[in-house]
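# Notes for the structure review
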Amino acid sequence: PFSPGYEFAGVVEALGTEAQSDLVVGQRVAGMLPAMGAYREVLDLDPVWAVPVPRTLDDATAALVPLNYLTAAALLDRLTNLKAGQSFLIHGAAGGVGSAVLELARDRSLRAYGTAHPAKWSQLEPGVTPLDSSGAWDEELRRREPRGVDAAFDSFGGRSLERSWKVLGSRGTLVSYGFSPTPGGGWGPLLAGLASVAGKFLVSGGRAKVLGTPRIVDSHRDWYRTTLSGLFDQVAQGSLKPRLHAILPFTEALWAHELIVRRQATGKLLLEFPS
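All of the points below concern the structure found in this document. (Residues numbered from 1 in each chain as written. Predicted model: local features only at pLDDT ≥ 70, side-chain atom pairs only at ≥ 80, totals over all residues. Heavy atoms only, no water.)

## Comments concerning the packing of aromatic side chains
Between two aromatic rings, the relevant description is the distance of the centres plus the angle of the planes. Operational definition: Centres within 6.5 Å make a pair out of two Phe, Tyr or Trp rings, where for Trp the six-membered ring is used; the pair is then stacked when the planes are under 30 degrees apart, edge-to-face when over 60, and tilted otherwise. Strands are runs of DSSP state E lasting at least two residues, helices are runs of H or I lasting at least four, and both sets are numbered from the N terminus onward. Throughout, exposure labels follow a simple rule: accessible area from a 1.4 Å probe, protein chains only, divided by the maximum for the residue type, with under 20% read as buried, over 50% as exposed, and the rest as partly exposed.
Summed over all chains, the structure comprises three aromatic pairs. Aromatic pair tryptophan 49 and tyrosine 224: ring centres 5.4 Å apart, planes at 65 degrees, arrangement edge-to-face. Highlighted residues: tryptophan 49 in the loop between β2 (28-32) and β3 (51-52) and tyrosine 224 in helix α8 (residues 221-237), separated in sequence by 175 residues. The class for tyrosine 224 is buried, based on a relative accessible area of 0%.

## Description of the nonpolar core
Just so we agree on the cut-off: To form a nonpolar core, buried Ala, Val, Leu, Ile, Met, Phe, Trp, Tyr and Cys residues must be joined to one another through side-chain atoms within 4.5 Å. Contacts between residues were defined by any pair of non-hydrogen atoms, one from each residue, lying within 4.5 Å.
Within the largest apolar cluster, 54 residues are counted, with the highest numbers of intra-cluster contacts made by Phe88, Val101, Phe153, Tyr224 and Phe232. By residue number, the principal contributor to this core is helix α2 (residues 66-78), which donates seven residues. In this structure phenylalanine 153 touches Leu75, Leu76, Thr80, Leu82, Phe88, Leu89, Ile90, His91, Val101, Val175 and Tyr177, once residues within four positions along its chain are discounted. Tyr113, Trp137, Val149 and Ala208 belong to the second-largest nonpolar core, a separate cluster that totals 13 residues.

## Things to note about the environment of proline 274
Positionally, proline 274 belongs in the segment after β11 (268-272). Of the residues examined, proline 274 reaches a relative accessible area of 46% and is grouped as partly exposed. In the structure, proline 274 is positioned 24 residues away from phenylalanine 250 in sequence and 8.5 Å away in space, judged by C-alpha atoms. In this structure, proline 274 is in contact with Glu41 and Phe250, ignoring residues within four places of it in sequence.

## Let's talk about unusual backbone geometry
In the Ramachandran plot, asparagine 81 falls in the positive-phi region, its phi being about 55 degrees despite a non-glycine side chain. If you trace the backbone, asparagine 81 turns up in the loop between α2 and β4 (87-90). Asparagine 81 gets classed as partly exposed once you look at its relative accessible area, which sits at 40%. A positive phi angle, close to 60 degrees, is found at arginine 263, a residue other than glycine. Assignment of secondary structure puts arginine 263 in the loop between α9 (253-261) and β11.

## Observations regarding the sheet that holds strand β1 (residues 7-11)
What counts is decided by this rule: One requirement defines pairing of two strands: DSSP has to find at least two bridges between them.
In spatial order, the strands read β1-β2-β3; together these three strands make up an open sheet with antiparallel pairing. Strands with a single pairing partner mark the edges of an open sheet, and in this sheet they are β1 and β3. Note: β1 against β2, five bridges, orientation antiparallel. Opposite valine 11, over in β2, you have arginine 28 as the bridge partner.

And the structure:
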């Protein structure tokens, strides 16, 4: 009755008689949906969501790209549009979206700061300044950036959002995305954090924003297709390297979610369905 999952990769099996698309039967595609429903053996979808995969890119690698990298691209290009010489903070810098943001920012001459547990600092992208997520990262950041950072990307909410807001510069932008539960969290801190963002948006002239990647994908479909196609090309060329933790049979979906909840996945988890 309910299928989770936003991302998919597979082969076009059939095209509807009214499908207006350049796709052909047998073509390898990948992408994301604007609403959950991707944990299925067969997807019946609008062709707009199916983006062709380069021949040199294997299915598993293509499946790692859509949600994390589209989120990262939206953070950097649509919600903040950071310029060379500016600075930003990303929480969960060793995670999927965090590492994607840092990869995309690598050649933009930006000063990047990322929070993570010190045990994960060795996993961070080169060039980022690590901050201890369990310590006084905000005080350390203010010492390094006395005028504040130009953007802060926060998926935790609650108290984390308040601390992120306070390390912004006078024209900096706070973006809440992903809606991950806080370590002690649940829905209470999450909703409180969203309410806090809404309040800040009203009093700051729009410097506090909320990103929902499925919504932005649905409302900017040309951007979605162009951006995802470009991301696939970058991965195929080796300039982006999405991380895979494991490929599990779809019957192990529960275990995959357990690994995520326990924070034991060091990369993306894929579910494989029979062809």
